[in-house]
Amino acid sequence: MKKYLISVVFVWMTIAALSAATIKGRLIDKDTKQVIDFATVSLFDKSSKKPLKAVTTNDKGVFLISDIKNGTYTLKVSFVGYKTLEFPVFVTEKTPVVDLKTLQLSTDTKTLKAVEVIGQKSQMRFEVDKKVFSVDQNISAAGGSASEALQNIPSVDVDNEGNISLRNNSNVEVWVNGKPSGLTADNRAQILEQMPAGSIESIEVITNPSSKYSPEGSAGIINLVLKKDRQAGYYGSVSVGANTFGGVNGSANINYNSSMIDAYANAGIRYMRFNNSSDTYRESWQGGDTTILNQKNKGDMNRLGLFLRGGLTYHATRRDDIGLSFMGMFGSGNSNTTLTSKDGQNALTRERWSQEDGTHNNWGFTLDYTHIFSKNHDLRLSANYFQMDMDNKTDFTQNSLTRGTWLRSAQKQDGDNTHQRWEFQADYSNQISDRFKIEAGYKGNINSRKDNVYTMEGPDMEHLKPQESLNNDFTYKENIQALYGTFSGKVDNFSFQAGLRGEYMYYKTESRPWNVQSPDRTREYWHLYPSLFLSYSLPKGNELQFNYTSRVNRPRGRQINAFRNVTDSTSISYGNPNLNPEFAHAIELNYIKNWDAHTLSASLYYRKTNDVIQQVRYFEEPVMYSTYENVTKMQNAGLELVAKNRLLKFLNLTTTVNMYYQKLNGFDYTYIDNAGIGSTMHYEGENNFTWNARMMANLILPKNFSAQITGNYNAKQIVAQGERRPNYSLDAGIRKSFFSRKFSVALSGRDLLDSRARKNISWGDNFYQKSRSRWGGRSVSLTLTYMFGKNGNNKPKPEKRQDNNMDYDGDMMDF
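Residues numbered from 1 in each chain as written. Predicted model: local features only at pLDDT ≥ 70, side-chain atom pairs only at ≥ 80, totals over all residues. Heavy atoms only, no water.

**Some words on the pattern of salt bridges**
At step 1: Tallied over the full model, the rule gives 20 salt bridges.
At step 2: For aspartate 414, the salt bridge is made with lysine 393, and the minimal N-O distance between the two is 3.9 Å. A residue pair is termed long-range when its members are at least 10 positions apart, and aspartate 414 in strand S22 (residues 405-430) and lysine 393 in strand S21 (residues 377-402) qualify at 21 residues.
At step 3: Using a relative accessible area of 26% as the deciding quantity, one classes aspartate 414 as partly exposed.
At step 4: Given a relative accessible area of 52%, lysine 393 falls into the exposed group.
At step 5: The residue glutamate 723 makes a salt bridge to lysine 716 at a minimum N-O spacing of 3.9 Å.
At step 6: Residues joined by salt bridges that share partners form a network here, namely Glu216, Glu478, Arg501, Glu503, Arg554 and Arg556. (Salt bridge = Lys/Arg side-chain N within 4 Å of Asp/Glu carboxyl O. Helix = DSSP H or I, 4+ residues; strand = E, 2+ residues; numbered from the N terminus. Buried < 20%, exposed > 50% of the residue type's maximum accessible area, 1.4 Å probe, protein only.)

Here is the structure:
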C-alpha cells in the first residue's frame, strides 16, 4: 500500500510539472534600444481584472513568469513614461515555454509633457535568497564612503566607530564581490571608510545563506558588489566632490568590452576630516566608599585614502574565460585627542594627550577561470591572495593627580600588524533538467596574522626607556577546508533547495604579552552545516518561503589576544585566548505579495545561539576592566516588514520595520583580581524587545531633477550589562542631470538633525556607567559627475554572462 501511494504521488507530481508552462521575454526602449529594467509585467485571465501573477524586469530587461496552466491570457507591460503594452498570450501543451523574444515599448508623449522622466532603477529588489539594494540610486551617499552607503541599507546598522550589525546582531560577515577580501571585525571599519561609495553598484543582504556560502557570521552576509558593466565599447565616468568638514574626493573609472576581452579600471581618492567626542560618567562602590568619574574625550582625525581596482577577462574560446583582477586600498592618517577626568566635586584629576600617525594598506589579486559546458552548466575556478599591513605610532602625554601631587608621564607605542590570506575555490553548477539543478564545490582558506606592540615610557618624550611589560607579540594561523553540495528543484508551484557543507577548522595562537601569562593554544575540529530552502507560489502574486541554516561565529583578532591595552589607564581591555566559537541555528519564514505598483515582504525569523561571546566588564578600584567570554545561550526572534510602493508617477517609497525579541540567559563570570583572589559576578539575564524603522523616498522631478529623503529610528536596545539608548537620523539629497544625462550635480546632506550620537548605559555589581559618543555630525556634500563613452556593436556572447541573474538574448517583436 505504501509503495502504491508513493507511486501515485510521483505520477501526480510529474503530470503537474509537465502541465506548467513558462512565459519569458525581454523589454527595451523602441527608440534608444536600451533595456528597460524594473518595469511591471502582469498576466491576466479572461474572467478577472486582477493579475494572476506580476513580476518586474531585471537589470537586463528580462522577465520570466513560471508555473502557468494551459489557457488564454492577457499580458500587460507598464512603466512610467511609456505607453502600456497589452496583447493576448496562448499557452498549450505544445508550448511549455512561450518565448516572446524582445518587446519594444514606445514613450508616452502625453506623460512626458507633464513630467520629464528620469530613468531610475528600483532602490531595492528581491531575489530568491537575498535583498539587493542599488547604491547608484542612493543620492544621499554621493561622494561618500562605503560605510555611509551602508548606513542607508534596511536592517543594517553602523555605529560611530564603524562597527556593523545586521538585524541587531554584530556577528555579520562583510564581503566584496562574493569574497571576504580580508575584511575582519578589527579592520573593516577603516577599509570601508576608505572605499568610495561611487565604486559600488549594489549591496546584497543575505540574512540566511545556504550551504554554498561560508557559514561564518551568525547574522548573515553583507556583500558589496563593485561596478563592472558589460556593455560593448568603451565608457566611463569622472567625479569630484567636497563636504563641509573640509573633505574632498575624486574618482575615475573606465570600461572596455569587446568579443575578445573585457577590461575595467577604477581609481578613487578621498581626504577625510572628522571631529569626535565622548563623555563618560561612572559611579563605583568599594566597601562603603563611592567614587565618581567624569571623563571627556575630544579629538580630530585626518585620513587620506587611495582606492585602486582593475581587471581583465580574456575570452579564450566561446566557452572559456580567463580573468585577472586587482584591488587595493592605501591610506594614511593622523589624529589628536585630549582626555580629561574629573572627580565628584568636578575637580581635575587627570589630563591625557595623544597623537597618532599611521598607515593602512591592503591589496589583493584574483585569478579565475570559467568553462561553460552548455547553457546553465559551468565550472568556475579561482585563486585569491590578500595582504594587509597596518602601522601605528602613538605618543601619549599625561598629567595625573596622585595622593595630592601632580605627576607627568609620557609613553610611545608602536603597533605593527600584518595579515595574509590565500583562498582557493571551485564551483560546479549543472541544470540537469528543466526542473532540477545540482551544485557542488570546494573552498580552502589559509590565513596568518601577526600583531606586534612595542612600548617606551618615561617622565617626558626626551627620556623614554623600553617598557617590556607593555609589549606584545601575537601570531594567529588558520586553515579552513570546506566541501559543499546542493540539490534544488521545482515542481509546479513548489521549489526547494537542500544543501550540506562540511568544514575542517585548524588554528593556532601564539601570544607573548609581557603583562600576563598566556599559553599557546591549538585547536582543530570538523563541523557540518546543513541548509534547507522551501518555496511555494500561491495565486494572485503571493509567495511563501521557508528556510533553515546552521551558522558559526569564530573568535579572532583582539577577542583572543590576551594583551592588555592600557591606552586609557582607567579603562583596560584584553582578549581571551580560550574562547570557543558560537554555533547558531536560524529559521526564516517569508511571505511576499506583489501588486502592479506595490510589493510587501514579511519575514519571521528565529535564531538560537550557543556559547554566546559577550564583552564582560568588572570594576577594580580605580580601573574598569573589559574582556570577552562564552557566557550563555541566546535566543533571537523578529519580524521584518519591507514595503515598496509606487504611489505616484514621481514618488517611490521603500519602508522597512524591524521588530526584535532577544532573550539572553543569566550567567556567572569569575575573574582573578590583582591580588590573585577569585571573584564571581552574577548577571541575571535579560528579555528585550526593540524595534527600528527606516523610510526612503525617491522622487523623479521635472527638468531632470531627482531627489531622495531617508529617515531612520532605532528604539532602546538591551545588551549584556546595560542598554543602548534610542537614536534617529535624517539624510537627504538632490541631483540634477544635464546634456542628455552625461553630466550631473548632486547635493546631499547627512545627519541633517545632528542626531547620530550614541548613548549607552552599563552596570555591574559595583558600578554604574553612562556614556555618549559621536563621530562627525551634520555635513553637506557636493559631487560633480561626468560620464563618457562610445558603445560598439560587438555584443558580448550570451554564454559569457552566466550568473545568478536571468540573462536573455532573442529577436525583436514590435507591438
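Continuing now.
**Overview of the sheet that holds strand S2 (residues 40-45)**
Backbone hydrogen bonds hold the strands of a sheet together, and the pairing may be parallel or antiparallel.
At step 1: With respect to topology, four strands assemble into an open sheet ordered S3-S2-S5-S6, the strand pairing being antiparallel. Among the strands making up the open sheet, the edge pair consists of strand S3 (53-56) and strand S6 (85-91). Strand-to-strand, the axes of this sheet are offset by a mean angle of 25°, without reference to chain direction.
At step 2: Alignment of S2 against strand S5 (residues 71-78), held across six bridges, turns out to be antiparallel. What sits directly across from valine 41, in S5, is valine 77. (Pairing = 2+ DSSP bridges. Axes fitted to C-alpha atoms, helices over the stretch in contact; angles between N-to-C directions.)

**What to know about the nonpolar core**
At step 1: Ranked by internal contacts, the top residues of the largest apolar core, which has 27 residues, are Leu150, Val156, Ile164, Met195, Ile203 and Leu224.
At step 2: Of all the elements in the fold, those that place two or more residues in this core are helix H3 (146-150), strand S10 (156-158), strand S11 (164-166), strand S12 (172-176), helix H4 (188-194), strand S13 (200-206), strand S14 (220-226) and strand S19 (320-342).
At step 3: Of all hydrophobic cores here, the second largest spans 23 residues; its members include Ala21, Leu43, Tyr82 and Val91. (Core = buried A, V, L, I, M, F, W, Y, C linked by side-chain atoms within 4.5 Å.)

**Observations concerning unusual backbone geometry**
At step 1: Residues other than glycine seldom take positive phi values, yet lysine 101 does so here, at roughly 60°.
At step 2: Mapping lysine 101 onto the fold places it in strand S7 (residues 97-105).
At step 3: For lysine 101, a relative accessible area of 27% translates into the label partly exposed.
At step 4: With phi around 65°, asparagine 376 is a residue other than glycine that occupies positive phi space.
At step 5: With respect to the element layout, asparagine 376 can be found in the loop between strand S20 (348-374) and S21.

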